[in-house]
Amino acid sequence: MILGISGSPRKMATEHILGEALKMLEEKGFQTELFTVRAKSLSPCRHCDYCLKNKECIVKDDMHKLYPLIREAEGYVIATPVYNGSMSAQTKIVIDRTRATLAADAKALHRKPGMAIAVGGDRMGGQELALQQIHTFYILNGMIPVSGGFFGANLGATFWSHDTLEDAQKDEEGFRSLRKTTRKFAETLVWLRGAEQKEK
């Protein structure tokens, strides 16, 4: 299962674009699951270390709906709106709170691929920094960050929404970057499955 996480508190461009990415993956034969932060209760990580001792998070909120999906997924697509030139606070909360998953199993994310999507109201409003922040999370946890490659999707998929769903849907360059990144991500998943079979 491929887990898509929408870090937008609104049902607008970011959640829609993530849904399009998951459809592309489903067309390639992958099962997907969408988790959105919208209408969820999510508290910031307290860094209290309760999870290190008890293997679960002390904060009982909607992250507990996400934890089993994180453990089960073989790959991740994290999509964030761009707020003040970087990822949304909600996306950061989800990333920080995975600490509880890793406290229970330090290799829960190890060698799993991840791709990133950033949707900004301006064409160059911080999308690349937001992608880098997501990739940093992947790298820190021994994951495989996947980009779309040269010429248009160097770090992942980026969209210019003009703060509307309609304009995001018309962003042809954004969709080109999404198709490129999704294709590379699917290729990485297939390659990893083959590598795992050889190891058995």
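Keep in mind that this is a model prediction, so the values were computed, not measured.

The rules behind these values
Residues numbered from 1 in each chain as written. Predicted model: local features only at pLDDT ≥ 70, side-chain atom pairs only at ≥ 80, totals over all residues. Heavy atoms only, no water. Helix = DSSP H or I, 4+ residues; strand = E, 2+ residues; numbered from the N terminus. Rg over C-alpha atoms; globule rule 2.2 N^0.38 Å. Buried < 20%, exposed > 50% of the residue type's maximum accessible area, 1.4 Å probe, protein only. Contact = heavy atoms within 4.5 Å. Areas by Shrake-Rupley, 256 points an atom, 1.4 Å probe, with all protein chains shown as cover. Lys, Arg positive; Asp, Glu negative; His and termini not counted. Charge placed at Lys NZ, Arg CZ, Asp CG, Glu CD. Expected span 1.5 Å × (residues − 1). Core = buried A, V, L, I, M, F, W, Y, C linked by side-chain atoms within 4.5 Å. Phe/Tyr/Trp six-rings, centres within 6.5 Å; stacked < 30°, edge-to-face > 60°. Lys NZ or Arg CZ within 6 Å of the ring centre and 35° of its normal. Axes fitted to C-alpha atoms, helices over the stretch in contact; angles between N-to-C directions. Parallel < 35°, antiparallel > 145°, perpendicular 65-115°, else oblique. Left-handed = near helix turned anticlockwise from the far one by under 90°. Nonpolar A, V, L, I, M, F, W, Y, C, P; charged D, E, K, R; others polar. Polar contact = N/O pair within 3.5 Å; in protein donor to acceptor, adjacent residues only side chain to side chain.

Undergrad: Tell me about the overall build of the protein chain, and name the residues and values.
TA: Broken down by element type, the protein chain carries 8 helices and 7 strands. Relative to the 2.2 N^0.38 estimate, which gives 16 Å for 200 residues, the radius of gyration of the protein chain is 16 Å and therefore close to what a compact globule would have. Projected onto its principal axes, the C-alpha positions of the protein chain cover 50 × 40 × 25 Å. Taken across its 200 residues, the protein chain has 51% of its residues classed as buried. Restricting to contacts in the protein chain with at least 6 residues of sequence separation, those with at least 24 account for 75%. Looking at the protein chain as shown, the accessible area adds up to about 10000 Å², and 52% of this sits on carbon and sulfur atoms. With 28 positive and 24 negative side-chain charges, the protein chain shows a separation of 5 Å between the mean positions of the two kinds.

Undergrad: I'd love a proper account of helix α6 (residues 127–140), names of residues and values included.
TA: Over its 14 residues, α6 runs 20 Å from end to end, which matches the ideal 20 Å to within 8%, given 1.5 Å per residue. Looking one or two residues beyond α6, the residue adopting positive phi is Gly-142, at roughly 70°.

Undergrad: Account for the nonpolar core, naming residues and giving values.
TA: The tendency in soluble globular proteins is for nonpolar side chains to be buried as a group. One finds Leu-3, Leu-66 and Tyr-76 to be the most contacted residues of the largest nonpolar core, which totals 35 residues. Elements supplying a minimum of two residues to this core: β1 (2–6), α3 (63–72), β3 (75–83), α4 (89–97), α5 (99–104), β5 (113–120) and α6. Leave out the neighbours within four places in its chain, and Leu-66 touches Leu-3, Ile-5, Phe-35 and Val-94. Core analysis: the next-biggest nonpolar cluster, separate from the first, contains 23 residues, Leu-25, Phe-30, Ile-117 and Ala-186 among them.

Undergrad: Provide a residue-level description of the packing of aromatic side chains, including the pertinent values.
TA: For the structure on display, the rule yields 3 aromatic pairs. Taking 5.9 Å as the distance between ring centres and 45° as the angle between the ring planes, the aromatic pair formed by Phe-137 and Tyr-138 counts as tilted. Using a relative accessible area of 10% as the deciding quantity, one classes Phe-137 as buried. Relative to Phe-151, the ring of Phe-150 lies with its centre 6.3 Å away and its plane at 65°, an arrangement referred to as edge-to-face. An identical accessibility class is assigned to Phe-150 and Phe-151; each is exposed. The ring of Phe-35 is capped by Lys-40, whose NZ or CZ atom sits 4.8 Å from the centre of that ring.

Undergrad: For the packing of helix α1 (residues 13–27) against helix α8 (residues 172–199), give the residues involved together with the corresponding values.
TA: Between α1 and α8, whose axes approach to 10 Å, the crossing angle comes to 45°. In terms of orientation, α1 and α8 fall into the oblique class. As for the relative orientation of α1 and α8, their crossing is right-handed in sense. Listed contacts from α8 to Ile-17, Glu-20, Ala-21, Met-24 and Leu-25 of α1 are Phe-175, Leu-178, Arg-179, Thr-182, Phe-185 and Ala-186. For the contact of α1 with α8, the residue count by class is 8 nonpolar, 1 polar and 2 charged.

Undergrad: So what's going on with the side chain of Gln-127? Which residues, and what values?
TA: Of note, Gln-127 is situated in helix α6. A polar atom in the side chain of Gln-127 sits 2.8 Å from the backbone oxygen of Asp-122. In this structure the side chain of Gln-127 is engaged in a polar contact, spanning 2.9 Å, whose partner is the backbone oxygen of Phe-159. Filtering out sequence-adjacent residues up to four positions away, Gln-127 remains in contact with Val-82, Ala-118, Val-119, Gly-120, Asp-122, Thr-158, Phe-159 and Trp-160.

Undergrad: Can you lay out the environment of Thr-91 for me, pointing to particular residues and giving the numbers?
TA: Along the chain, Thr-91 falls in helix α4. Accessibility expressed as a relative area gives 3% for Thr-91, which makes it buried. Expressed as a C-alpha distance, the spacing of Thr-91 and Gly-121, which sit 30 residues apart in the sequence, is 17 Å. Look past the residues within four positions of Thr-91 in its chain and what remains in contact with it is Gly-7, Ile-78, Ala-79 and Thr-80.

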